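# Understanding the architecture of this molecule
Read off the chains here:
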Amino acid sequence: MWVHRRPGWRLKESAATDESVYLNRRQLVAGIAAGSMLLPQAAQAQRVTDDPSAKLYPVKRNEKYKLDRPLTDEKEATTYNNFYEFGTSKSIVRAAQELKIRPWTLKIAGMVEKPFDIGIDDLLAKMPLEERLYRHRCVEAWAMAVPWSGFPLKALVDLAKPLGSAKYVVMTTFMDPSVAPGQKQFFYPWPYVEGLTVAEATNELAFIATGIYGKPMPKQNGSPLRLAVPWKYGFKSIKSIVKLEFSDKRPTSYWEAAQGSEYGFWANVHPAFPHPRWSQESERMLGTNERVPTQVFNGYGEFVGDLYKGLEKERLWA
Ligand code: MTE
């Protein structure tokens, strides 16, 4: 039986070091370690975009998805992360660079016509890439607004050809404790797993993000494939996916297994349903620290509200 330890995000926000202080400190340390302080600016930028899929970006923006707030600064969105495989702090950029993103194979498994594996570059060539501006709301009550590049999850579900009897899509993150030291912590239920109903996965908002800010996805944000389901708390948006499995059984997701009293399967955003230890009424925007009122379904009710008709008895909001 595993021993539960309090995850980092269970700290009160006020107990955390001021972001600008630790970011500066971390960037200084990372810069020295990588020798990048000696490199000219252009060479440093090149390191960040050194990904074989870089030539695919930027992709055309789909203007249908509008924001009600300014875009978050790129540096904030790509340096303040949750990626427990690489540590429980927000400063995992350097550790995440150990992740090898080529070769990268996505396994399509479970209740499909015929299981298959597909390499990331073959997948990217088949999928309809576009850019979408989405809000992202972490259960910890911070938020950002970012331009994701990627493709609708529905396009991948169509490629997978699930059987009519499949009810859930179960996604799994890579498992390799030799590159991801967090995975050596046996009290967390690795690998990271998340699930959606097939109806949620084929909703037009469900998106597989492969890039951000017109460039390939940085490793710390979940390269090369990560989910973006903006009406749900951010922990549903699983990073660095290696397997998509169709099932008729609801999966137990990572945070549900770690702390089921606080994190459930549906995890839809709602300001009136507090987390057991903090309010969800408002959120702090990364970068500006502005507090913004939280919206039901993170403001995406017109797209997804119908998915939950008849499910009112379920624990939809945590
Ligand atoms: N996926 C994996 N594999 N591991 C994680 O720790 N954290 C989740 C989600 N996906 C996480 C993950 C949480 S809690 C959030 S808020 C978002 O990733 C953060 O995404 P970002 O770092 O790109 O902002």
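For the structure, see preceding data.
What comes next is a walk through the structure.

Near the ligand, the surroundings consist of 19 residues, among which Tyr84, Glu85, Arg226, Ser237 and Lys239 are the closest. Measuring from an oxygen atom of the ligand, one finds a side-chain N or O atom of Asn221 at 2.9 Å. Within the backbone of Ser237, an N or O atom sits 2.9 Å from a nitrogen atom of the ligand. Split by residue class, the shell around the ligand holds nine nonpolar, seven polar and three charged.

The five strands are arranged β2-β1-β10-β5-β6 in an open sheet whose pairing can be described as mixed. The two strands at the open ends of the sheet, each matched to only one other strand, are β2 (116-119) and β6 (193-197). For this sheet, the mean angle separating the axes of adjacent strands, direction not counted, is 20°. Pairing geometry for strand β5 (residues 168-173) and β6, over five bridges, is antiparallel. Across the sheet, Val169 pairs through a bridge with Leu196, a residue of β6.

Turning next to the packing of aromatic side chains. Counted by the stated rule, this structure contains 27 aromatic pairs. Ring geometry for Phe86 and Phe174: centres 6.1 Å apart, planes at 40°, overall tilted. With Phe86 in the loop between α3 (74-77) and α4 (93-96) and Phe174 in the loop between β5 and β6, this residue pair connects regions lying 88 residues apart in the sequence. Summarising the burial analysis for this pair, Phe86 and Phe174 share the class buried. Pairing Trp190 with Tyr254 gives two aromatic rings, centres 5.0 Å apart and planes at 40°, and the pair type is tilted. Separated by 64 residues along the polypeptide, Trp190 in the loop between β5 and β6 and Tyr254 in helix α8 (residues 254-258) bring together distant segments of the chain. A relative accessible area of 14% means that Trp190 is categorised as buried. For Tyr254, a relative accessible area of 2% gives the class buried. Through successive ring pairs, a cluster of aromatic residues spans Tyr84, Phe186, Phe187, Tyr188, Trp190, Tyr192, Phe235, Tyr254, Trp255 and Tyr263. The positively charged end of Lys236 is found above the aromatic ring belonging to Phe265, 4.3 Å away from the centroid.

So, how was this worked out
Residues numbered from 1 in each chain as written. Predicted model: local features only at pLDDT ≥ 70, side-chain atom pairs only at ≥ 80, totals over all residues. Heavy atoms only, no water. Near = heavy atom within 4 Å. Polar contact = N/O pair within 3.5 Å; in protein donor to acceptor, adjacent residues only side chain to side chain. Nonpolar A, V, L, I, M, F, W, Y, C, P; charged D, E, K, R; others polar. Pairing = 2+ DSSP bridges. Helix = DSSP H or I, 4+ residues; strand = E, 2+ residues; numbered from the N terminus. Axes fitted to C-alpha atoms, helices over the stretch in contact; angles between N-to-C directions. Phe/Tyr/Trp six-rings, centres within 6.5 Å; stacked < 30°, edge-to-face > 60°. Buried < 20%, exposed > 50% of the residue type's maximum accessible area, 1.4 Å probe, protein only. Lys NZ or Arg CZ within 6 Å of the ring centre and 35° of its normal.

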